[in-house]
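Inside the fold
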Amino acid sequence: VAMYTAKAGGKRRVAVFDPTMHAAIVARHALSAELARSISHGQLVVHYQPIVELGTGRTAAVEALVRWRHPTRGLIGPDSFISLAEENGVILTLGRWVLAEASRQIAAWEAAGDLDPDFFVSVNLSPLQVQRPEFIGEIEGVIEETGLTPSRLVLELTETSMFQDTQATITKLQALRDRGVRIAVDDFGTGYSSLGYLRRFPVDILKIAREFV
């Protein structure tokens, strides 16, 4: 129990066992099992955080952020369950659901004539999604299924996910950009923080981390 507690906190950590650790791990396993059922039970919801153009105050875009409407714990933010979803593999199903839900919503707004021509939705991706051989096909499938204009979709990746299997990732991202989808680097400055890498990757948007600024 102490070993897993130390590993959960990052590498090169030490943890001394105490009884509360066991209770925390039991609770985490229970939450993991519930999370696996959350999608089929309709407990997930997407919130849209506005991205504002400072010069005019115009809402230029939105970022899709998933929340879990837990039946007993209430509304749970992603910080409490995304890492858990990546550990147990649920992130693949969860990530595709968020992408499809956000794409469907933006496509509906577009069809209603409510959007500016350059309005877009930004969706976060897990490294596990990007590494899948079916990654490109899944993105294209969602676009076709929802009728979303590709240029209205921005996919956000962290530095860490982009620098895994570098050449394969570059090829995948370029294929998406050729399709009209745009790519953003999230939290730039918290990982490799090398401007040289940006010359190699097909990136459209750079989101600079507060710590880096």
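Refer to the structure above for everything that follows.
Presented here is an overview of the structure given in this document. (Residues numbered from 1 in each chain as written. Predicted model: local features only at pLDDT ≥ 70, side-chain atom pairs only at ≥ 80, totals over all residues. Heavy atoms only, no water.)

1. Observations concerning the environment of Pro-117
Counting through the fold element by element, Pro-117 comes out in the loop between helix H4 (91–111) and strand S4 (120–124). Judged by relative accessible area, Pro-117 falls into the exposed class, the value being 76%. Along the backbone, Pro-117 and Ser-151 are 34 residues apart, and their C-alpha atoms lie at a distance of 9.6 Å. (Helix = DSSP H or I, 4+ residues; strand = E, 2+ residues; numbered from the N terminus. Buried < 20%, exposed > 50% of the residue type's maximum accessible area, 1.4 Å probe, protein only.)

2. Side note on the packing of H4 against helix H6 (residues 135–146)
In contact at an axis separation of 9 Å, H4 and H6 are set at 35° when each is read in the N-to-C sense. Our pair here, H4 against H6, has a crossing hand that is right-handed. Across the interface between the two elements, Arg-96, Leu-99, Ala-100, Ser-103, Arg-104 and Ala-107 from H4 touch Ile-139, Val-142, Glu-145 and Thr-146 from H6. Classifying every residue of the contact of H4 with H6 gives five nonpolar, two polar and three charged. (Axes fitted to C-alpha atoms, helices over the stretch in contact; angles between N-to-C directions. Left-handed = near helix turned anticlockwise from the far one by under 90°. Contact = heavy atoms within 4.5 Å. Nonpolar A, V, L, I, M, F, W, Y, C, P; charged D, E, K, R; others polar.)

3. Notes on the layout of surface pockets
There is about 540 Å³ of room inside the largest pocket. Contributing to the lining of the largest pocket are 25 residues, with Leu-65, Val-66, Pro-78, Ile-82 and Asn-124 lying nearest its centre. The set of elements that each furnish at least two residues to the lining of the largest pocket consists of strand S2 (58–70), helix H3 (82–88), H4, S4, helix H5 (127–131) and strand S5 (153–158). Ranked by the residues each element gives to the lining of the largest pocket, the list is headed by S2, at five residues. Of the residues contributing to the lining of the largest pocket, the split by class is twelve nonpolar, seven polar and six charged. If you add up the space inside the second largest pocket, you get close to 410 Å³. If one sorts the elements of the lining of the second largest pocket by residue count, helix H2 (residues 19–38) sits on top with six residues. Residues belonging to the lining of the second largest pocket are distributed by class as follows: six nonpolar, four polar and three charged. (1 Å grid on protein atoms, 1.4 Å probe; cavity = no way out; pocket = protein on both sides within 12 Å on 5 of 7 lines; lining within 4 Å. Points joined across faces, edges and corners; volume = space filled by probe spheres on them.)

4. A short note on the nonpolar core
In globular proteins that are soluble, nonpolar side chains generally tend to be buried together. Ranked by internal contacts, the top residues of the largest apolar core, which has 45 residues, are Leu-94, Leu-153 and Leu-155. The greatest single-element share of this core, amounting to eight residues, is contributed by H4. (Core = buried A, V, L, I, M, F, W, Y, C linked by side-chain atoms within 4.5 Å.)

5. Observations concerning the pattern of salt bridges
Applying the stated criterion across every chain yields a total of 15 salt bridges. Here Asp-116 makes a salt bridge to Arg-58, at a shortest N to O gap of 2.8 Å. Within this pair, whereas Asp-116 is found in the loop between H4 and S4, its partner Arg-58 is found in strand S2, the two being separated by 58 residues in sequence. For Asp-116, a relative accessible area of 31% gives the class partly exposed. Overall, the relative accessible area of 25% leaves Arg-58 in the partly exposed class. Each member of the salt-bridge network shares a partner with another, and the members are Glu-53, Arg-58, Asp-116 and Asp-118. (Salt bridge = Lys/Arg side-chain N within 4 Å of Asp/Glu carboxyl O.)

6. Considering unusual backbone geometry
One non-glycine residue, Asp-187, adopts positive backbone phi at about 55°. Structurally, Asp-187 is set in strand S6 (residues 182–188). According to the relative accessible area criterion, Asp-187 is partly exposed, its value standing at 38%.

7. Here's the deal with the packing of aromatic side chains
As enumerated under the stated definition, the model contains two aromatic pairs in all. Ring centres of Trp-68 and Phe-81 lie 5.7 Å apart, and the angle between their planes is 80°; this geometry places the pair in the edge-to-face category. A residue pair is termed long-range when its members are at least 10 positions apart, and Trp-68 in strand S2 and Phe-81 in the loop between strand S3 (74–76) and H3 qualify at 13 residues. For the pair shown, Trp-68 and Phe-81 are each scored as buried. When the ring centre of Phe-120 is taken as reference, the NZ or CZ atom of Arg-182 above it lies at 4.8 Å. (Phe/Tyr/Trp six-rings, centres within 6.5 Å; stacked < 30°, edge-to-face > 60°. Lys NZ or Arg CZ within 6 Å of the ring centre and 35° of its normal.)

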